Protein chains: 2
Amino acid sequence: MADKKLVEAITAMDVDFAQWYTDVVKKAELIDYTSVKGCMVLKPAGYAIWELIQKQLDAMFKETGVENVYLPMFIPESLLQKEKDHVEGFAPEVAWVTHGGLNPLQERMCVRPTSETLFCDFYKNEIQSYRDLPKVYNQWCSVVRWEKETRPFLRSREFLWQEGHTAHATAEDAEERTVQMLNVYADFCENVLAMPVIKGRKTDKEKFAGAEATYTIEALMHDGKALQSGTSHNFGDGFAKAFGIQYTDNNNKLQYVHQTSWGMTTRLIGAIIMVHGDDSGLVLPPRVAPTQVMIIPIRQQAEGVLDKAFELKDRLAAAGKEGLRVKVDDTDKSPGWKFSECEMRGIPVRVEIGPKDIEANKCVLVRRDTREKIECSLDEIETKVAELLDKMQAEMLENARKHREEHTYVAHNMEEFEKLFTEKSGFVKAMWCENQACEDEIKEKLSVTSRCMPWEQERITDTCVCCGKPATKMVYWGRAY
Amino acid sequence: MADKKLVEAITAMDVDFAQWYTDVVKKAELIDYTSVKGCMVLKPAGYAIWELIQKQLDAMFKETGVENVYLPMFIPESLLQKEKDHVEGFAPEVAWVTHGGLNPLQERMCVRPTSETLFCDFYKNEIQSYRDLPKVYNQWCSVVRWEKETRPFLRSREFLWQEGHTAHATAEDAEERTVQMLNVYADFCENVLAMPVIKGRKTDKEKFAGAEATYTIEALMHDGKALQSGTSHNFGDGFAKAFGIQYTDNNNKLQYVHQTSWGMTTRLIGAIIMVHGDDSGLVLPPRVAPTQVMIIPIRQQAEGVLDKAFELKDRLAAAGKEGLRVKVDDTDKSPGWKFSECEMRGIPVRVEIGPKDIEANKCVLVRRDTREKIECSLDEIETKVAELLDKMQAEMLENARKHREEHTYVAHNMEEFEKLFTEKSGFVKAMWCENQACEDEIKEKLSVTSRCMPWEQERITDTCVCCGKPATKMVYWGRAY
């Protein structure tokens, strides 16, 4: 009875995906709403996922020479206005600070929606000579965008992210860094989040305000909608010219720097939910699971059961190089309730151990995604659990890849294109002439957006799916979060 | 010549301590100023210290059961106003957001100066039963206080910190947590920052806005001024009553929770500078040194020198359980210049290695604080360097303690008290009757503030140093940052 209650509280995915998502976010205790509309509390279970994302992504950054810094959260209005496209893109959605204490400010400031302008102002003083280049800085912080409609993790008025901002001597160096960071992002999504992504370039219509080129990784959610999961921008020398960021090269000539920026956000947690979750709740890839293993004692009042559970916990916590993240649920809830709770929270492996198991020197391992039950000798528990976590991590990626491939379609003409988006949900690949009029027309007719021009191009047809003129690019289209 | 330039750029401590501080902060490349008055950029060398503080302090928190969360940066005005003393304390120094995008907000919001009110709003929904207690949450974030006068690290309009906020069933539990966290702070300062602190309680005049009791750790800087380095507040049930945070106890009766909060900030970096620094620049305790060892090749063009330097680097980086943080300076600057730079940046140990050393299978270790030079066989470099770092860490603490003891004085009466603060600079211990009128009088006459009533009380005299009535408390007094 009690077991059912917890499970019944979630809407089934097929009934209402949006409601299912909201249910999981709340019941898995990832977030809470607040008195500030559009802002949320990241609760321990949600924030711990972000900490694991931070730790692993930050280590990957540092391997490529990234250094962390922290810049102010405020941007004076005059600074925001220095780059024309950038201010047009962001001014409509920033929060403005007008008073400091009891006094009005001489110049109002916005809370950073992103920090290109601040980094430019900083680099202008920091960079004099080619010896000062490259600068490869990153910061972990929160930013604010005053969105009208918000959804937990996917779109909130304040969110946590990292923003890398780099300055280089040449256009080639900047392009290389832009591509390098997109590859870091893609590797991170696949290896850590078990989430396959399409790497590609945004169309001019969809690129970042002020960028020459925006690269993106696009993932497919369980409901067939796309999620932009990370972006890397090449600014060329546009910002450098607007802000006057120059260096003397080794011929003693003044040159403008070339810049990039790149970011990933707490939106990734939304992606994890929507790629891996099921009707029992969250399913966490082991590498970002704050608790990887939950040990659930059966008949825990019986002599020796709790002792054995804690002994196994200590052994698993000490296993391997870094140890596993493991807990014992010794609360007075029923085992069935604990199983449901474990499932709701997405804990990858649960270990069931009771008096009979102990007598037989074994326990039962249950894998969260497949629910497979595996008998395991207590002598081998460290290796068996570690292997199971690795296997689950790998198979979650493969399953997500399979799901994406099954939901990726090809449109040869407008009729097929419309039919696909009426009947199916997923990515649709189609050829394009690179004329924005066609992109606009498709967007309006089909209520979809171009997700990217993938780096791995294919030649589906010779002509643009919309106008029939010669096509130059294959594009992924989709409905997006 | 080049070597001198770097060194001469710093003002000597004895000439002008404030200028020395500013010089170190800039020349060690910890911060840069920005277009936003009173806000600074934490540059890589500065931010990396904060990362090491975070990592080690966060691990200590988690050992005591703390969980991390993230709450919004905005506080609606009505929320800030719910606790009377609190709003009076903070409203004069907050930054107000009045517009979201192009529209005025219905209710203005401040950028958090501290998050008691947000945590109360959050806990009000989270806590229903005694089973939900305690809540022991913490967040790492930045806060904003619109100060008129600012100084890097010590007082800036935006600064980074952690703020713990807890809720407990009983007054005893809250008091226990308040004390526990002050002890964590003190241990952290001593063991990681090599900085001894006095633990004590603030007078009512100096306590936090809204608190029943504020505990503090006070450190003494090289110039004899005090620095409040961390605080832990017990709120009793004051906030709980203002916000209506109640739980049903195990007799099914409604009770108010008891709350605490505690914080440390980037101000600690200012403390490290002013406790350990010298006329050559920064001196970093090994445990918070982003680079613990700098290998400086002598005659690096000579065959085999750079190879050997990088070989030693790899060996040191792999030494011990976690490895040492080590770099090679292979730039084309002169060795002398590199030595100066190493000193300016406070790198604990430099390793000098040239062709003759390699021939003799040895190198020279130079300790930053004492400048002691130690010959070291290359066969033993891992253990010798690790031992030297440990020794330096321990002796830096002892030297700081010695300095504090030499600058801690005792006043038996007002005459002595005045004389001490005219002629000396440091802590002065004196007895007090706990009457605020005396505290006010001393503050005005001597331009000093009560730092704390230390937990380790002494009985210097029987009477208050100011009014001569019976004394109940021994107080540390000082001029403070």
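Please read all numbers here as calculations on a predicted model, not as lab measurements.

Enquirer: Just checking my understanding: could you explain the overall build of chain A for this structure?
Expert: Within chain A, the regular secondary structure consists of 15 helices and 23 strands. The buried share of chain A, taken over its 481 residues, is 49%. Put simply, of all contacts in chain A between residues at least 6 apart along the chain, 68% involve residues at least 24 apart.

Enquirer: Where do I start with the environment of T203 of chain A in this structure?
Expert: All names here are of chain A. The topology assignment puts T203 in the loop between β9 (198-201) and β10 (213-220). T203 gets classed as partly exposed once you count the C-beta atoms within 10 Å, which come to 19. Separated by 250 residues in sequence, T203 and M453 place their C-alpha atoms 7.1 Å apart.

Enquirer: So what exactly am I meant to see when it comes to unusual backbone geometry here?
Expert: Comment: phi is negative for the bulk of residues other than glycine, and the bulk of peptide bonds are trans. All names here are of chain A. The linkage connecting L133 with the following residue, P134, adopts the cis geometry, with an omega of -5°. Its place among the elements puts P134 in the loop between α6 (116-126) and β7 (135-144). Even without being a glycine, E29 presents a positive backbone phi close to 60°. Examined against the element boundaries, E29 turns out to sit in the loop between α2 (17-27) and β1 (31-33).

Enquirer: How do you make sense of the interface of chain A and chain B when you look at a structure like this?
Expert: Frequently, the measure chosen for interface size is the accessible area that the parts lose on association. Taken residue by residue, the interface counts 41 residues in chain A and 41 residues in chain B. Counting residues per element, the ones that place at least two in the side of chain A that touches chain B are β2 (40-42), α3 (44-63), β3 (67-68), β4 (74-76), β5 (95-100), β6 (103-111), α6 and β8 (158-168) of chain A. By residue number, the principal contributor to the side of chain A that touches chain B is β5 of chain A, which donates 6 residues. Grouping the amino acids of the side of chain A that touches chain B by side-chain chemistry returns 25 nonpolar, 9 polar and 7 charged.

Enquirer: Any chance you could explain the sheet that holds β7 of chain A here in plain terms?
Expert: Hydrogen bonds between backbone groups are what pair the strands of a sheet, and the pairing can be parallel or antiparallel. All names here are of chain A. On the basis of which strands lie adjacent, the open sheet formed by 11 strands has the order β3-β7-β8-β14-β11-β10-β9-β22-β23-β21-β20 and mixed pairing. Looking at which strands have only one partner, the edges of the open sheet turn out to be β3 and β20 (408-410). As paired elements, β9 and β10 share 4 bridges and run antiparallel to each other. When the bridges of β10 are listed, K199 appears paired with I217.

Enquirer: What am I meant to see in the domain arrangement of chain A here?
Expert: Residues and elements named next belong to chain A. If you check the domain split of chain A, you get domain 1 (9-276), domain 2 (286-391) and domain 3 (408-478). Centre-to-centre separation of domain 1 and domain 2, based on C-alpha positions: 38 Å. Counting from both sides, the interface comprises 10 residues of domain 1 and, opposite them, 6 residues of domain 2. Residue contributions to the side of domain 1 that touches domain 2 peak at 5 residues, all from α3. Considering only residue class, the side of domain 1 that touches domain 2 consists of 9 nonpolar, no polar and 1 charged.

Enquirer: How should I be thinking about helix α15 (residues 436-446) of chain A in this particular structure?
Expert: Since the α-helix advances by 3.6 residues per turn, residues separated by three or four positions end up pointing in the same direction. All names here are of chain A. Of all the residues in α15, the buried ones are C438, E439 and I442. Buried residues along α15 cover an arc of 100° about the axis, so they all sit on one side. Pointing more than 90 degrees away from the buried face of α15 are the exposed residues Q436, A437, D440 and E444. Immediately downstream of α15, the backbone of S447 shows phi near 50°, a positive value.

Enquirer: Looking at this structure, how should I read the sheet that holds strand β7 (residues 135-144) of chain B?
Expert: In spatial order, the strands read β3-β7-β8-β14-β11-β10-β9-β22-β23-β21-β20 (chain B); together these 11 strands make up an open sheet with mixed pairing. Each edge of the open sheet carries a strand with a single partner, namely β3 (67-68) and β20 (408-410) of chain B.

Enquirer: Sorry, what's going on with the environment of F208 of chain A here?
Expert: Residue and element names in this part refer to chain A. Residue position: F208 is located in the loop between β9 and β10. The sequence separation of F208 and H86 amounts to 122 residues, and the corresponding C-alpha distance is 8.2 Å. Filtering out sequence-adjacent residues up to four positions away, F208 remains in contact with T214, T231 and H233.

Enquirer: Looking at this model, I keep getting lost on the relation of the copies chain A and chain B. Mind explaining?
Expert: Superposing the two chain copies requires a rotation about an axis and a translation along that axis. If you rotate chain A by 180° and push it 0.0 Å along the axis, it lands on chain B with an RMSD of 0.0 Å. On the angle and the small slide along the axis, the relation comes out as a two-fold axis. In terms of proximity to the rotation axis, the leading residue of chain A is V97 of chain A, whose C-alpha is 2.1 Å off the axis.

Enquirer: How should the pairing of β10 of chain A be read in this particular structure?
Expert: Two faces belong to every sheet, and in a regular strand the side chains alternate between them. Residues and elements named next belong to chain A. Judged by how many residues are buried, β10 sits mostly within the fold: 7 of 8 residues are covered. Sheet topology note: the β10/strand β11 (residues 226-236) ladder contains 8 bridges and is antiparallel. Among the inter-strand pairings, Y215 is bridged to a residue of β11, identified as S232.

Enquirer: Just to check I follow, could you spell out the confidence of the model for chain A for this structure?
Expert: Low pLDDT means the predicted coordinates in that region are not meant to be read closely. Looking at chain A as a whole, its pLDDT mean stands at 96, while 98% of the residues score no less than 70. In the predicted complex, the global pTM is 0.96; the interface-specific ipTM is 0.96.

Enquirer: Looking at this structure, I do not really get the pairing of strand β19 (residues 373-377) of chain A. What am I missing?
Expert: All names here are of chain A. Taken across its 5 residues, β19 has 0 buried, putting it largely on the surface. Relative to β19, strand β18 (residues 362-367) is paired through 5 bridges, and the arrangement is antiparallel. Looking across to β19, one finds that K362 is bridged to S377. In this antiparallel pair of consecutive strands, β18 and β19, the connection spans 5 residues, and R371 shows a positive phi of 65°.

Enquirer: Looking at this structure, how should I read the nonpolar core?
Expert: Soluble globular proteins tend to bury their nonpolar side chains together. Formed by 290 residues in total, the largest nonpolar core has its most connected members in A219 and I295 of chain A together with I295 of chain B. Among residues more than four places away in sequence, those in contact with I295 of chain B are A309, L312, K313, V326, V328, V351 and I353 of chain B.

Enquirer: I'm lost on the packing of helix α10 (residues 305-317) of chain B against helix α13 (residues 381-406) of chain B in this one. Help?
Expert: A pair of packed helices can be characterised by two numbers: the angle between their axes and the separation between those axes. All names here are of chain B. As a packed pair, α10 and α13 sit with axes 9 Å apart at the nearest point and diverge in direction by 60°. Note on packing geometry: the crossing formed by α10 with α13 is right-handed. On α13, the residues that touch L312, R315 and L316 of α10 are I381, E382 and V385. Here the residues of the contact of α10 with α13 are counted per class, giving 4 nonpolar, no polar and 2 charged.

Enquirer: Honestly, helix α6 (residues 116-126) of chain B in this entry has me stumped. Any pointers?
Expert: In terms of residue burial, α6 of chain B counts as a mostly covered element, since 8 of its 11 residues are buried. Within the span of α6 of chain B, buried status applies to E116, T117, L118, F119, C120, D121, F122 and Y123 of chain B.

Enquirer: For this particular structure, what's the right way to read the environment of I298 of chain A?
Expert: All names here are of chain A. Along the polypeptide, I298 turns up in the loop between β15 (293-297) and α10 (305-317). Along the chain, I298 and S334 lie 36 residues apart, while their C-alpha atoms are 8.7 Å from each other. When sequence neighbours within four positions are dropped, the list of residues in contact with I298 reads P335, E352, I353 and G354.

Scoring rules and cut-offs
- Residues numbered from 1 in each chain as written.
- Chains lettered and ligands numbered in written order.
- Predicted model: local features only at pLDDT ≥ 70, side-chain atom pairs only at ≥ 80, totals over all residues.
- Helix = DSSP H or I, 4+ residues; strand = E, 2+ residues; numbered from the N terminus.
- Buried ≥ 20, exposed ≤ 12 C-beta atoms within 10 Å, placed from the backbone.
- Contact = placed C-beta atoms within 7 Å.
- Nonpolar A, V, L, I, M, F, W, Y, C, P; charged D, E, K, R; others polar.
- Pairing = 2+ DSSP bridges.
- Domains from an automatic or database assignment.
- Arc of directions from axis to C-beta.
- Least-squares fit on C-alpha atoms with pLDDT ≥ 70 in both.
- pLDDT = per-residue confidence, 0-100.
- Core = buried A, V, L, I, M, F, W, Y, C linked by C-beta atoms within 7 Å.
- Axes fitted to C-alpha atoms, helices over the stretch in contact; angles between N-to-C directions.
- Left-handed = near helix turned anticlockwise from the far one by under 90°.

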